[in-house]
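These are the residues of each chain, in order.
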Amino acid sequence: MSETILVTGATGTIGRPLARMLARDGCTVRAMSRGPLPTADRKDELIQPVAAHFDDPAALAAALEGADAAVLITPADGAAGRYARNFIEAARAGNLKRLVRVSALKAARDGPTENTRLHAETEDHIASSGLPHVVLRPQLFMQNLCFEVPSIRDGATFSFSTGDGHMGMIDTRDIAACAAKCVQSDDFLGRTLELTGPETLSWHDAASILSELSGRRISFVPVAPQRQYETMVAAGIDPWMAAVLRDYGAAYGGGWGDYVTDDVEQITGRPATDFRRFAADMIMPGISQAGE
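Here's what I pulled together on the structure shown here.

This paragraph deals with the overall build of the protein chain. Scanning the protein chain for helices and strands turns up twelve helices and nine strands. For 292 residues, the compact-globule estimate of 2.2 N^0.38 gives 19 Å, and the protein chain sits close to it at 19 Å. Seen along its three principal axes, the alpha-carbon backbone of the protein chain occupies a region of about 55 × 40 × 35 Å. Each of the 292 residues in the protein chain was classed as buried or not, and the buried ones make up 50%. Long-range contacts, defined here as pairs at least 24 residues apart, represent 75% of the contacts in the protein chain between residues at least 6 apart. Of the roughly 12700 Å² of accessible surface on the protein chain, a fraction of 49% belongs to carbon and sulfur atoms.

The next subject is the nonpolar core. In this structure, Leu18, Leu22, Leu136 and Leu195 are the most contacted members of the largest nonpolar core, which totals 35 residues. Tallying contributions element by element places helix H7 (residues 172-183) first for this core, with eight residues. When neighbours within four sequence positions are excluded, Leu22 is seen to be in contact with Ile5, Val7, Cys27, Val29, Ala180, Val183 and Gln184. One finds Leu140, Ile218, Phe275 and Ala279 within the second-largest nonpolar core, a separate group that totals 33 residues.

To continue, consider the packing of helix H8 (residues 203-214) against helix H12 (residues 275-287). In the contact formed by H8 and H12, the axes pass within 10 Å of each other and the chain directions differ by 60°. Relative to H12, the element H8 is oriented oblique. Between H8 and H12 lies a crossing of right-handed hand. Residues Trp203, Ala206, Ile209, Leu210, Glu212, Leu213 and Ser214 of H8 form the contact with H12, whose own contacting residues are Phe275, Arg276, Ala279, Ala280, Ile283, Met284 and Ile287. Per-class residue counts for the contact of H8 with H12 are eleven nonpolar, one polar and two charged.

Helix length check: H7 (twelve residues) gives 16 Å between terminal C-alpha atoms against 16 Å at 1.5 Å per residue, within 8%. Burial analysis of H7 places ten of its twelve residues in the buried class, which makes it a mostly covered element.

What follows deals with the packing of helix H4 (residues 80-92) against helix H5 (residues 114-129). Here H4 crosses H5 at 10°, and the two axes come no closer than 9 Å. Between H4 and H5, the angle falls in the class roughly parallel. Facing H4, whose interface residues are Gly81, Ala84, Arg85, Ile88, Glu89 and Arg92, H5 presents Leu118, Glu121, Thr122, His125, Ile126 and Ser129. Per-class residue counts for the contact of H4 with H5 are four nonpolar, four polar and four charged.

Turning our attention to the side chain of Thr273. With respect to the helices and strands, Thr273 occurs in the loop between helix H11 (263-268) and H12. If near-sequence neighbours (up to four positions away) are discounted, Thr273 is found in contact with Met142, Asp171, Arg173, Asp174, Pro198 and Phe278.

Take the pattern of salt bridges next. Side chains carrying opposite charge are able to pair once their charged atoms draw close together. Applying the stated criterion across every chain, the model contains 17 salt bridges. Arg109 is the salt-bridge partner of Glu121, the closest N and O atoms lying 3.9 Å from each other. In this pair, Glu121 is assigned in helix H5 and Arg109 in the loop between strand S5 (98-102) and H5, connecting sequence segments twelve residues apart. On the accessibility criterion, Glu121 (31% relative accessible area) is partly exposed. Its salt-bridge partner being Arg173, residue Asp281 comes within 3.3 Å of it at the nearest N-O pair. Pair noted here: Asp281 is in helix H12 and Arg173 is in helix H7, with a separation of 108 residues, a long-range link. Here the salt bridges share partners, and the residues they tie into one network are Glu3, Lys97, Arg98 and Asp186.

What counts, and where the lines are drawn
Residues numbered from 1 in each chain as written. Predicted model: local features only at pLDDT ≥ 70, side-chain atom pairs only at ≥ 80, totals over all residues. Heavy atoms only, no water. Helix = DSSP H or I, 4+ residues; strand = E, 2+ residues; numbered from the N terminus. Rg over C-alpha atoms; globule rule 2.2 N^0.38 Å. Buried < 20%, exposed > 50% of the residue type's maximum accessible area, 1.4 Å probe, protein only. Contact = heavy atoms within 4.5 Å. Areas by Shrake-Rupley, 256 points an atom, 1.4 Å probe, with all protein chains shown as cover. Core = buried A, V, L, I, M, F, W, Y, C linked by side-chain atoms within 4.5 Å. Axes fitted to C-alpha atoms, helices over the stretch in contact; angles between N-to-C directions. Parallel < 35°, antiparallel > 145°, perpendicular 65-115°, else oblique. Left-handed = near helix turned anticlockwise from the far one by under 90°. Nonpolar A, V, L, I, M, F, W, Y, C, P; charged D, E, K, R; others polar. Expected span 1.5 Å × (residues − 1). Salt bridge = Lys/Arg side-chain N within 4 Å of Asp/Glu carboxyl O.

Interpretation note: all reported values are geometric properties and have no functional meaning in isolation.
In structure tokens:
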């Protein structure tokens, strides 16, 4: 018998492919977001749009009513801890069989970024809630490189503040696949799983792979974390987010993310996507017209 599963953040990088995967599995998906779902998703009868804000308890209760399970994805901002607490309190009033939390790499109260620390608070809140749960902690997203496609296409360069650091970066489609498996199964309840790609790479390594795939020289140009912060704030980026990215850059540059696990394969039964395949799928189409 198919289940009804609530997915928050359903228009995001993880939530949108997750909703589609669950619908393909025959689940009824309540796709929660603050804005409208993309047209293609609204056409799927198994994906039901739910408009709700994390600060609206009544809307959260309505979204959760009758749901068998849920995947909790919160936006990366300073209110994320409050959003998660509100959702967890609403979920405690229901009868969820499973709650899957998409957390953050090495979530810890003494972590190097405010985002890391907020996710640790949420993990503690979930643990004390009594809800049957699974925590997924993904590494740096390969999809972050998608924001650099115009720079790669037009100037054959891209920049991040991670220096020469190596990272077990992960394709967000693998995160979605892991969440889809965990939210439909009791096999992973009570576990905290660290999701990584199959190898550690620096952005210099990634530039070499992009160069091979494209047939032209593409270079990674590091930027100092503090310089990135100043540039982002000057451009009008939220200072909270700019500080988080600065602090992540410094941590990754110091080797904080230089490790991999086999948790993706344990959950999905297949190896995690490597960077070469990701780049062929997600980056090359956007830069293929360079010079035409």
